[in-house]
Amino acid sequence: FESIYNLFGKTFISTILAMTIGVAIYLPLSSMVSSRIIILAVIFIVAFIYFISILKLKAISKQEILMLPKGEKILNLLTKIHLM
């Protein structure tokens, strides 16, 4: 069960969190500002929240980050700002 949670549960939790915050931001602002601007802003906010929550829930490992292009530099930066 733990391996299923590690594979799907952490990303699912991150997705639900980011989606909920995105909807909570979009709905009140959509009637006040042009929807194109709001949608673009919400996309960036949701992506940022998803990225942070994936790191905080440890859904991505250090080895997976090292496989990315410039992975060592990315890992050093994430370690420096206490996200890994």
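These figures come from a predicted structure and were not determined experimentally. (Residues numbered from 1 in each chain as written. Predicted model: local features only at pLDDT ≥ 70, side-chain atom pairs only at ≥ 80, totals over all residues. Heavy atoms only, no water.)

Draft legend 1. Seen up close, the overall build of the chain. In terms of regular secondary structure, the chain is built from four helices and zero strands. The C-alpha atoms of the chain give 16 Å as radius of gyration, which overshoots the globular expectation for 84 residues (12 Å, by more than 25%). For the C-alpha atoms alone, the extent of the chain along its principal axes is close to 45 × 35 × 20 Å. When burial is assessed residue by residue, the chain has 19% of its 84 residues classed as buried. (Helix = DSSP H or I, 4+ residues; strand = E, 2+ residues; numbered from the N terminus. Rg over C-alpha atoms; globule rule 2.2 N^0.38 Å. Buried < 20%, exposed > 50% of the residue type's maximum accessible area, 1.4 Å probe, protein only.)

Draft legend 2. Just the environment of Ser31, in detail. You can see Ser31 is positioned in the loop between helix 1 (2–30) and helix 2 (35–56). With a relative accessible area of 66%, Ser31 lands in the exposed category. Considered as a pair, Ser31 and Ala47 are 16 residues apart in the sequence and their alpha carbons are 22 Å apart.

Draft legend 3. Local environment of the nonpolar core. In terms of nonpolar packing, the biggest core is built from five residues, these being Leu55, Ile65, Leu75, Leu78 and Leu83. With near-sequence residues (within four places) excluded, Leu75 lies in contact with Lys62, Ile65, Leu66 and Met84. (Core = buried A, V, L, I, M, F, W, Y, C linked by side-chain atoms within 4.5 Å. Contact = heavy atoms within 4.5 Å.)

Draft legend 4. Broad picture of a nonpolar patch on the surface. Together, Tyr5, Phe12, Ile13, Ile16, Met19, Val23, Leu27 and Leu57 give the surface a local cluster of nonpolar side chains, amounting to about 710 Å² of exposed area. For Phe12, the position within the fold is in helix 1. (Patch = residues over 30% accessible without salt bridge, like charges linked within 9 Å, V, L, I, M, F, W, Y side chains within 5 Å. Areas by Shrake-Rupley, 256 points an atom, 1.4 Å probe, with all protein chains shown as cover. Salt bridge = Lys/Arg side-chain N within 4 Å of Asp/Glu carboxyl O.)

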